[in-house]
Amino acid sequence: MQERKALHTLLAKHQEDLPPRRMKDSYLEVILPLGSQPEIREKYLNVHNSVRFGRILEDLDSLGVLICYTHTKQEMQPKSPLSIVTALVDKINLCKKIIYPDCDIKFTGNVSWVGKTSMEVTMHMLQLHDGDYSPVLDATFVMVARDPENKRPAFVNPLIPESPEEEEIFKQGELNKLRRIEFSTASLLKMAPTAEERNIVHDIFLHTLDTKTVSFRSRKLPPNSVWMEDAKLKGLQICHPQERNIFNRIFGGFLMRKAFELGWATACSYGGSRPFIVSVDDIMFQKPVEIGSLLLLSAQVSYTEKNYIQIRVHSEVYDANTREHHTTNIFHFTFISENEVPRVVPNTYGESMLYLDGKRHFDAVMKEI
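As the structure is a computational prediction, the values presented were derived from the model and not from experiment.

What counts as what
Residues numbered from 1 in each chain as written. Predicted model: local features only at pLDDT ≥ 70, side-chain atom pairs only at ≥ 80, totals over all residues. Heavy atoms only, no water. Buried < 20%, exposed > 50% of the residue type's maximum accessible area, 1.4 Å probe, protein only. Helix = DSSP H or I, 4+ residues; strand = E, 2+ residues; numbered from the N terminus. Pairing = 2+ DSSP bridges. Domains from an automatic or database assignment. Contact = heavy atoms within 4.5 Å. Salt bridge = Lys/Arg side-chain N within 4 Å of Asp/Glu carboxyl O. Polar contact = N/O pair within 3.5 Å; in protein donor to acceptor, adjacent residues only side chain to side chain. Nonpolar A, V, L, I, M, F, W, Y, C, P; charged D, E, K, R; others polar.

1. Examining the pairing of strand S4 (residues 118–129)
No. 1: Counting buried positions along S4 gives nine out of twelve residues, so the element sits mostly inside the fold.
No. 2: The pairing of strand S3 (residues 105–114) with S4 spans nine bridges and is antiparallel. Looking at S4, one finds that tryptophan 113 is bridged to glutamate 120.
No. 3: In sequence, S3 turns back onto S4 through a hairpin of three residues.
No. 4: Strand direction decides the pairing type here: S4 and strand S5 (residues 132–146), joined by twelve bridges, are antiparallel. By the bridge assignment, methionine 119 is partnered in S5 with methionine 143.
No. 5: Hairpin connection, S4 to S5: the antiparallel pair is bridged by two residues, and aspartate 130 has positive phi, about 50°.

2. Quick word on the domain arrangement of the chain
No. 1: Considered domain by domain, the chain is made up of domain 1 (1–186) and domain 2 (195–367).
No. 2: The straight-line distance from the C-alpha centre of domain 1 to that of domain 2 is 26 Å.
No. 3: Contact residues are listed per partner, giving 30 residues for domain 1 and 26 residues for domain 2.
No. 4: Between arginine 52 and glutamate 261 there is a salt bridge, and its shortest N-O distance comes to 3.1 Å.
No. 5: The interface formed by domain 1 and domain 2 holds 13 residue pairs in polar contact (both at pLDDT 80 or more) in total.
No. 6: Put simply, the parts of the chain that give the side of domain 1 that touches domain 2 at least two residues each are helix H3 (53–72) and strand S2 (83–94).
No. 7: For the side of domain 1 that touches domain 2, the element with the highest residue contribution is S2, accounting for twelve residues.
No. 8: Residues of the side of domain 1 that touches domain 2, tallied by class, amount to 14 nonpolar, eight polar and eight charged.

Here's what the structure looks like:
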């Protein structure tokens, strides 16, 4: 970090001082040779003889950062003065249930939209079958540039679309930003539920009333249902130096992998059969995780519909010296189970808000895919 302090002089004072870039300037292709180099397979293999999706999340995070460094690279600078970090995972949508452990994987991606200090990265993952690469997933990440010590925002090169197709992609990046602001503004932590959502909550309340007692407090679980309180799992990670990034903080991909694995285990125990990931969305990195932190993960089934299970994972760090808890991330995962799953039922007002939030995320995913 002492070395990085000296890089402050290389930062641009205004975005206009930086040369514009094209989308193809940041385009990268990376091969993960699972087929041609069997020795690396072990790290990616899961018990079902397919690829661990948590490892793919780590690779996407690393690739997203690399693409942004490629976009902002200055020819005359041997070292970049920028600290590029993941701000959020906007969405990852999968079109394949199974990723094979013995076929090469290709990642492609480029910067698709740029603000003043932030960059949207669009990535695709394909897998080799019978000589052709077929799509597996599409991902959109948002990265932010900060100064060499990762303390303040820093300007990044503007992006110039070169064709009508690229202008459409750039416009979509702008729309994605507006959609995120809209979603955040309407958050149930800030605004009351809509009239339709209030009806949903009241219907659940009426269906769980014990008709024998005719009391507001007496609640009864409907058939083929599970109380939300009984649909959660918790985990703890000690954040060792092995998982650090170049800024001496815990690597965001590691946090995503751990949250995904707990989310998967929750969906598995809830549905009673193997779940498959359908979508990841709206992962916000609110606070960096320091080395040595105790990372507490809490996974909750927030919404169910037919075979689908919506999982929310909350992660927080516990500081043993101050005895304080700080939220670092909220993760949202959509799984599909092999069989129809029981309905999750909220009991309290807080759980009802969690349920509605889960429904909002699920509906957004279904609309997207």
